[in-house]
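Here's the letter readout for the chains.
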Amino acid sequence: MSDNELGTFLRTRREAVTPAEVGLPAGSRRRTPGLRRAELATLAGISVEYLTRLEQGRDRNPSPQVLIALGDALRLSTTDNILLRRLAKAHGEDKVLCQSAATAPVRTVRPTVQALLDRLEPAPAVLLNWIGDIVAHTRGYERYARPLGLLDGDPPNLVRYLFTDDRAHAAYPGWDRLADEQIAHLRHEASLHEPHVAALAEELTATAGASFSERLAAAPALPARSGTELVDHPEAGRLRLSYETLALPDEGQRLVVHIPADEATATALDRLNGRLPGALRAVSG
C-alpha cells in the first residue's frame, strides 16, 4: 500500500504538464517528462527543497495557501483540486485521527433508503458501504447479480469479487476500467490508513496480487459517479447498463442504480425479471 499518495499525485501531475502549457520554453535537453521540480516550485512560489519534501512524503502538512498555489501552477481541474485537498488531509495530521477514531463500516439500511430501493424495482440497484460490502439491493439486482456470483460472499463485497473471482473477468469486458473505478472508490471514501480499509487492502494484496496492489500504488483519482458498462450475463446475454451513483455520506454508503442503455438490454432485463417488455425503459446518453 502506498504511504505517499499526496507525493505521488503531485509528481504525476507535474510530469503531465508540458512547459508550453505554462508559458515556459521546452528546451532541447530535457530528461524529465513534463515540468522540472525547479520550474514547478518557481511557478508556485515555494522552494525546490520544500516541493521535494512534499513529493517524497517527508512533509505531509502543506498549508491551504501552498495547495492553492500548486493547484494553480499545475493547471488542475476543479475535480483534481478537490482530490489534492483530500489527499493532504488524509495523509497529514488527520492520519492519526483516522487510525484512532475508526468506526466499523455500516451494514444496516436506513428505513427511508430501503423505501427508496423498494420504489426502484425492478431496476438493478445496490447499496454499498465504503469498503465495497453489498448492504442491500433490489430484487431486480438479485436476479441480475446472483448468476454472476456477485452475491456469493459473506458478506458479499464488490471489490473482493472483482479481484478474486474469475467470473468477474468473464462477465465484464471492461474489467480493467471497472477495477480502476472500484479502487478509486475505496481510496476516496476513507483513508488507506483506516483500519478496515487497510485490512481489506492487505488481504487483496495477498490474494489478488499485482492486479490489485499496482492499482492501489498508482496515482489516485476521483471515482466516476456515472457511466455505462458492458456485461456478458450468463442468462441475459450482452447487456449495456448505464449507472448513476447517489452518495449517502452520513452512513458512508452509496446507492448505485443501473438503467438499460438500449432497448435490447431493457427487454433482456424484463425477461430476467419475469416481466412483460416495457417494465424497464432504456435511456441514452
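Whatever comes next refers back to the structure up there.
Report on the accompanying structure. Keep in mind that this is a model prediction, so the values were computed, not measured. (Residues numbered from 1 in each chain as written. Predicted model: local features only at pLDDT ≥ 70, side-chain atom pairs only at ≥ 80, totals over all residues. Heavy atoms only, no water.)

### What to know about the overall build of the chain
In terms of regular secondary structure, the chain is built from 14 helices and five strands. Its C-alpha atoms put the chain at 65 × 45 × 35 Å along the principal axes. Here the chain, with 285 residues, has 48% of them falling under the buried criterion. Considering only intrachain contacts with a sequence separation of at least 6, the fraction spanning at least 24 residues in the chain is 54%. Counting every atom, the chain has about 13800 Å² of accessible surface; 52% of that belongs to carbon and sulfur. Considering the chain, the positive charge centre built from 34 side chains and the negative charge centre built from 37 side chains are found 4 Å apart. (Helix = DSSP H or I, 4+ residues; strand = E, 2+ residues; numbered from the N terminus. Buried < 20%, exposed > 50% of the residue type's maximum accessible area, 1.4 Å probe, protein only. Contact = heavy atoms within 4.5 Å. Areas by Shrake-Rupley, 256 points an atom, 1.4 Å probe, with all protein chains shown as cover. Lys, Arg positive; Asp, Glu negative; His and termini not counted. Charge placed at Lys NZ, Arg CZ, Asp CG, Glu CD.)

### Some thoughts on helix α14 (residues 263–272)
Every buried residue of α14 is accounted for by Thr265, Ala266, Ala268, Leu269, Asp270 and Leu272. Packing partners of the buried residues in α14 comprise α8 (139–145), β3 (226–233), β4 (237–248) and β5 (253–260). Immediately downstream of α14, the backbone of Gly274 shows phi near 70°, a positive value.

### Notes on the pairing of strand β1 (residues 125–129)
Counting buried positions along β1 gives five out of five residues, so the element sits mostly inside the fold. Sheet topology note: the β1/β5 ladder contains five bridges and is antiparallel. When the bridges of β5 are listed, Ala125 appears paired with Val257. With three bridges connecting them, β1 and strand β2 (residues 134–137) associate as antiparallel partners. Opposite Leu127, over in β2, you have Ala136 as the bridge partner. (Pairing = 2+ DSSP bridges.)

### Notes on helix α13 (residues 210–217)
By the burial criterion, the buried members of α13 are Phe212, Arg215 and Leu216. The arc enclosing the buried residues of α13, seen along the axis, measures out at 100°, which places them on a common side. Contacts from the buried residues of α13 go to α9 (158–164), α11 (175–189) and α12 (195–208). (Arc of directions from axis to C-beta.)

### A few points about the packing of aromatic side chains
All told, the structure shown has three aromatic pairs when counted by the stated rule. An aromatic cluster of three or more residues is present, and its members are Phe163, Trp175 and Phe212. (Phe/Tyr/Trp six-rings, centres within 6.5 Å; stacked < 30°, edge-to-face > 60°.)

### A short note on the sheet that holds β3
Within the open sheet, the five strands sit side by side as β2-β1-β5-β4-β3. Their pairing is antiparallel. Of all the strands in the sheet, the pair left with one neighbour each is β2 and β3. For this sheet, the mean angle separating the axes of adjacent strands, direction not counted, is 30°. Sheet topology note: the β4/β5 ladder contains eight bridges and is antiparallel. The residue of β5 that forms the bridge with Glu244 is Val257. Packing of helix α7 (residues 111–120) onto the sheet brings it into contact with β1, β2, β4 and β5, and relative to β5 it is tilted by some 5°. Where α14 meets the sheet, its contacts fall on β3, β4 and β5, and the angle it forms with β4 comes to roughly 85°. (Axes fitted to C-alpha atoms, helices over the stretch in contact; angles between N-to-C directions.)

### Description of the pattern of salt bridges
Across all of its chains, the model carries 18 salt bridges by this definition. With a shortest N-O distance of 2.8 Å, Glu55 and Arg37 are connected by a salt bridge. With a gap of 18 residues between them, Glu55 in helix α3 (residues 48–56) and Arg37 in helix α2 (residues 37–44) connect regions that are remote in the sequence. Accessibility expressed as a relative area gives 6% for Glu55, which makes it buried. On the accessibility criterion, Arg37 (27% relative accessible area) is partly exposed. One salt-bridge network, in which partners are shared between bridges, spans Arg14, Arg37 and Glu55. (Salt bridge = Lys/Arg side-chain N within 4 Å of Asp/Glu carboxyl O.)

### Considerations on the side chain of Arg254
With respect to the element layout, Arg254 can be found in strand β5. Separated by 3.1 Å, the side chains of Arg254 and Gln182 make a polar contact. Not counting residues within four places of it along the chain, the set of residues in contact with Arg254 comprises Val126, Leu127, Leu128, Asn129, Gln182, His185, Glu189, Arg225, Thr245, Leu246, Ala247 and Leu248. (Polar contact = N/O pair within 3.5 Å; in protein donor to acceptor, adjacent residues only side chain to side chain.)

Treat this as a map of the structure, not an account of what it does.
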